[in-house]
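If you want the building blocks of each chain, they are given just below.
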Amino acid sequence: MNGISASPGIALGKVVVLSNNTAVLLKKENIDPQVEKERLQESIETSYSQIEELRKHAIANVGKKESVIFEAHQMMLKDPKIMTAIEKKICDKELSAENAVNEITSKYVNLFNNMNSEYMKERASDIKDVMGRVINNLMGINMLDISKINEEVIIVAHDLTPSETVQMDPSKIIGFITEIGGKTSHSAIMARTLGIPAIVGVGNKIKSIKENDFIVFDGSSGEIFVRPTDTIIEKYKAIKVSQKNEKAKLKKYIGKKTISKDGFEVTLEANIGTPSELNIVHENDAKGVGLFRTEFLYMGRSNFPSEDEQFSAYKEVLESLNPYPVVIRTLDIGGDKQVEYFNLPKEMNPFLGYRAIRICLEEENLFKTQLRALYRASMFGNLKIMFPMVSSLEEIIRIKEIIEVVKLELEEKQIVFNHDVELGIMIEIPAVAIISDKLAKEVDFFSIGTNDLLQYTVAVDRMNQNISHLYNQHHPALLRLIKSVIENGKNAKIKVAICGETAGNPKLIPIFLGMGLREFSMSPSSILKAREIINKLSQKEMQAHAEAVTNFSSAKEVESYIKKVIRF
Ligand code: PEP
Ligand code: MG
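Residues numbered from 1 in each chain as written. Chains lettered and ligands numbered in written order. Predicted model: local features only at pLDDT ≥ 70, side-chain atom pairs only at ≥ 80, totals over all residues. Heavy atoms only, no water.

## Let's talk about the overall build of the chain
Phase 1 of the analysis: When its secondary structure is counted, the chain shows 22 helices and 15 strands.
Phase 2 of the analysis: In summary, the chain has a C-alpha radius of gyration of 26 Å against a globular reference of 24 Å for 568 residues, a match within 12%.
Phase 3 of the analysis: Each principal axis of the C-alpha atoms in the chain carries an extent, and together these give about 85 × 70 × 45 Å.
Phase 4 of the analysis: Per-residue burial for the chain yields a buried fraction of 52% across its 568 residues.
Phase 5 of the analysis: The contacts of the chain with a sequence gap of at least 6 include a subset with a gap of at least 24, amounting to 68%. (Helix = DSSP H or I, 4+ residues; strand = E, 2+ residues; numbered from the N terminus. Rg over C-alpha atoms; globule rule 2.2 N^0.38 Å. Buried < 20%, exposed > 50% of the residue type's maximum accessible area, 1.4 Å probe, protein only. Contact = heavy atoms within 4.5 Å.)

Next up, the structure:
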């Protein structure tokens, strides 16, 4: 079966199925409301201290940011509205404490689930998590303590709460798969931070996996094999060993320069979505952040992030990387990244529609809030600002006008900021790639977004599985466009980077080096491999190969040429 890849890596092992904690709640007779209220209080105190332990565990093992969710859980236990409602149920309906908690929990869960908002659905599972603990404590049920599992297992669950995920010891929990959830759910984010392979959103078919089943899965591809054949097991064992060896071998590149055999120095930076990824950025020795996709700050919630919230996220990243550069990209909502509270109209072709800078130039207040947060943060590190989905000169001119207004407003308020923040655009629409010689005069840098540039060049929706065979990074048309953008940037003496997925593609790195690219930004886990490749190659030799690939007629020819002539 298949699911959504949430955290990379191969997992092979025995399954522990986490069933939902649905204790059978019997109706109790002869209730003494006073006794039940005392039992409730006691259970709340116990639950509070248990969550406090989880919070401390999270700070020590995952990070301060991820521990905040447990503070929210503790606040729920102290929420007077919820507690009064439970006590009222105990008194008015003569319910036992556990039944009263259960009724109130169901009420809130139904209410939140019916709101049809991802954010409120997450709050529903938070309430279930916290109140499930209170009920278990009332009933003396020991919850499966994930932190006490002392053999290697793969967890299979309907969903995992943050309190479950945070307790996972990566040497014991060697992977997990869940029925629901997406790439940006708390548990997926924590899995990546803890380095636990994970697949989420498998759907109903996950129910065919039983306790103690042996399974194999690949967190990068989302493939799961239940009770696999020996051939599959051997194949994935071998992949796992080679991935582990490769990772260990690459550690020697930490702290090294990225420099070609003939002395051309290259900067390798990381792509991130939230500040919680900073530890992976440092572990992989990135020399900056080349793409901070800020839309993740707007996702998984029900309202716009305030200027202050944004400011502190940007400041955290800038300070953490200082003096290395951090390229923060303004909001890129639309396309596949939909956020409910934006109330965007349904469109026939969202990728060709109201998206990214197009929204920001219409919704000026939204844009100005983000720009104010960015300029305020500019004092805390080496900030560069980048704009997504630019398709024309007029947009660049308008962006710069709005920036001047924002700067004036900040000056009036006597807020200090860096007046010379570099401004760049993403080159991800063929039109701007083609006129990049002209646009180079208007901006300080280009960053080529090959994920979109490829989809618009070959007219293949990057999310459409049915035509994914046509979405090939080796297409010579894409390579020609990239080459001309790098050349146009060089002629205009502005910096050019690539920040799409191709930047970390080992087969294409030599080609980009040959094209004269000096700045690559990629997923943090690809950085050390890229450094190894570049350190083994000569830029001069790669130039001829870069020239050759743009003269082929098909992706297939490009691929076989690279395979034949480039060795590292
Ligand atoms: C790209 O399009 O290549 C890119 C880096 O942006 P995103 O993947 O966020 O659209
Ligand atoms: Mg893009």
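From this point, things continue past the structure.
## Re the pattern of salt bridges
Phase 1 of the analysis: As enumerated under the stated definition, the model contains 35 salt bridges in all.
Phase 2 of the analysis: With a closest N to O distance of 3.0 Å, glutamate 98 and arginine 39 form a salt bridge. Pair noted here: glutamate 98 is in helix α4 (residues 97-113) and arginine 39 is in helix α1 (residues 33-61), with a separation of 59 residues, a long-range link.
Phase 3 of the analysis: The partner of lysine 483 in a salt bridge is glutamate 487, with the nearest N and O atoms 3.5 Å apart. Of the two residues, lysine 483 and glutamate 487 are both situated in helix α18 (residues 476-491); the distance of four residues between them amounts to about one turn of the helix.
Phase 4 of the analysis: Taking the relative accessible area as the measure of exposure, lysine 483 reaches 15% and is therefore buried.
Phase 5 of the analysis: Among the charged side chains, a salt-bridge network with shared partners connects Glu295, Arg329, Asp332, Arg355, Asp452 and Arg462. (Salt bridge = Lys/Arg side-chain N within 4 Å of Asp/Glu carboxyl O.)

## Brief notes about the environment of valine 130
Phase 1 of the analysis: Of note, valine 130 is situated in helix α5 (residues 118-139).
Phase 2 of the analysis: Here valine 130 falls in the buried class, since its relative accessible area comes to 2%.
Phase 3 of the analysis: As for valine 130 and glutamine 455, which are separated by 325 residues in sequence, their C-alpha atoms are 44 Å apart.
Phase 4 of the analysis: Filtering out sequence-adjacent residues up to four positions away, valine 130 remains in contact with Ile51, His73, Met76 and Leu77.

## Some words on the coordination of the magnesium ion (ligand 2)
Phase 1 of the analysis: Within the first shell, the magnesium ion (ligand 2) binds the protein through Glu428 (OE) and Asp452 (OD), at distances of 2.0 to 2.1 Å. With glutamate 428 in the loop between β12 (422-427) and α15 (430-434) and aspartate 452 in helix α17 (residues 450-458), the pair connects residues that are 24 residues apart, well separated along the chain.
Phase 2 of the analysis: When its relative accessible area of 2% is taken as the criterion, glutamate 428 is described as buried.
Phase 3 of the analysis: With relative accessibility at 2%, the residue aspartate 452 sits in the buried group. (Donors = N, O, S within 2.8 Å, 3.2 Å for Na, K, Ca; no water.)

## A few points about helix α11 (residues 307-321)
Phase 1 of the analysis: A rise of 1.5 Å per residue sets the reference length of α11, with its 15 residues, at 21 Å; its end C-alpha atoms lie 21 Å apart and thus fit the reference within 8%.
Phase 2 of the analysis: Residues Glu307, Gln310, Phe311, Ala313, Tyr314, Val317, Leu318 and Leu321 constitute the buried set of α11. Projected onto a plane normal to the axis of α11, the buried residues spread over an arc of 165° and lie on a single side. (Expected span 1.5 Å × (residues − 1). Arc of directions from axis to C-beta.)

## Observations regarding the site of ligand 1
Phase 1 of the analysis: In the vicinity of ligand 1 lie 15 residues, with Arg293, Arg329, Gly449, Asn451 and Arg462 positioned nearest.
Phase 2 of the analysis: In the environment of ligand 1, an oxygen atom lies 3.0 Å from a nitrogen or oxygen atom belonging to the side chain of aspartate 452.
Phase 3 of the analysis: If ligand 1 stood free it would expose 290 Å²; the protein chains cover 99% of that surface.
Phase 4 of the analysis: Those elements giving two or more residues to the shell around ligand 1 turn out to be β9 (289-293) and α17.
Phase 5 of the analysis: Considering every element that reaches the shell around ligand 1, the biggest residue donor is α17, with three residues.
Phase 6 of the analysis: Looking at side-chain class alone, the shell around ligand 1 contains three nonpolar, four polar and eight charged residues.
Phase 7 of the analysis: Among the domains, domain 2 (245-265 + 428-516 + 525-568) and domain 3 (267-424) are the pair contributing at least three residues each to the shell around ligand 1. (Near = heavy atom within 4 Å. Polar contact = N/O pair within 3.5 Å; in protein donor to acceptor, adjacent residues only side chain to side chain. Areas by Shrake-Rupley, 256 points an atom, 1.4 Å probe, with all protein chains shown as cover. Nonpolar A, V, L, I, M, F, W, Y, C, P; charged D, E, K, R; others polar. Domains from an automatic or database assignment.)

## Here we look at the nonpolar core
Phase 1 of the analysis: Among the nonpolar cores identified, the biggest contains 97 residues, and Phe387, Phe446 and Phe520 are the most heavily contacted of them.
Phase 2 of the analysis: With seven residues, the single largest contributor to this core is helix α13 (residues 364-377).
Phase 3 of the analysis: When residues of this core are sorted by domain, at least three fall in each of domain 2 (245-265 + 428-516 + 525-568) and domain 3 (267-424).
Phase 4 of the analysis: Discounting residues that sit within four places of it in the chain, phenylalanine 520 has contacts with Val266, Thr267, Leu268, Glu269, Ile498, Ala503, Ile509, Phe512, Leu513 and Ile534.
Phase 5 of the analysis: Counting residues in hydrophobic clusters, the runner-up holds 51 residues, among them Tyr108, Val153, Val166 and Met190. (Core = buried A, V, L, I, M, F, W, Y, C linked by side-chain atoms within 4.5 Å.)

## Comments concerning unusual backbone geometry
Phase 1 of the analysis: That bond from asparagine 322 to proline 323 is cis: its omega, 10°, falls within 30 degrees of zero.
Phase 2 of the analysis: Relative to the helices and strands, proline 323 is located in the loop between α11 and β10 (325-329).
Phase 3 of the analysis: If you check the backbone angles, asparagine 343 has positive phi at about 50° while not being a glycine.
Phase 4 of the analysis: Mapping asparagine 343 onto the fold places it in the loop between β10 and α12 (357-362).
Phase 5 of the analysis: The exposure class assigned to asparagine 343 is exposed, which follows from its relative accessible area of 65%.

## Structural notes on the domain arrangement of the chain
One frequent convention defines the size of an interface as the accessible area lost when the parts assemble.
Phase 1 of the analysis: The assigned domain composition of the chain is domain 1 (22-139), domain 2 (245-265 + 428-516 + 525-568) and domain 3 (267-424).
Phase 2 of the analysis: One C-alpha centre belongs to domain 1, the other to domain 2; they are set 52 Å apart.

## What to know about the environment of leucine 318
Phase 1 of the analysis: Residue position: leucine 318 is located in helix α11.
Phase 2 of the analysis: Relative accessible area serves as the criterion here: at 0%, leucine 318 is assigned to the buried category.

## Observations concerning the sheet that holds β9
Phase 1 of the analysis: Judged by pairing direction, the barrel is parallel, and its eight strands sit side by side in the order β8-β9-β10-β11-β12-β13-β14-β15 before closing back on the first. Averaged over all adjacent pairs, the angle separating strand axes in this sheet is 25°, with direction ignored.
Phase 2 of the analysis: The sheet contacts of α11 involve β8 (267-272), β9, β10 and β11 (382-387), and relative to β9 the element is tilted by about 165°. (Pairing = 2+ DSSP bridges. Axes fitted to C-alpha atoms, helices over the stretch in contact; angles between N-to-C directions.)

## A few points about the packing of aromatic side chains
Phase 1 of the analysis: What the rule picks out here adds up to twelve aromatic pairs.
Phase 2 of the analysis: Relative to tyrosine 314, the ring of phenylalanine 292 lies with its centre 6.0 Å away and its plane at 80°, an arrangement referred to as edge-to-face. Of this pair, phenylalanine 292 sits in strand β9 while tyrosine 314 is found in helix α11, placing the two residues 22 residues apart along the sequence. Of the two residues examined, phenylalanine 292 and tyrosine 314, each falls in the buried class.
Phase 3 of the analysis: Connected via pairs of aromatic rings, a cluster forms that spans Tyr298, Phe304, Tyr341 and Phe342.
Phase 4 of the analysis: The ring of tyrosine 48 is capped by lysine 78, whose NZ or CZ atom sits 4.6 Å from the centre of that ring.
Phase 5 of the analysis: Against the face of phenylalanine 380 rests lysine 315, its NZ or CZ located 5.0 Å from the ring centre. (Phe/Tyr/Trp six-rings, centres within 6.5 Å; stacked < 30°, edge-to-face > 60°. Lys NZ or Arg CZ within 6 Å of the ring centre and 35° of its normal.)

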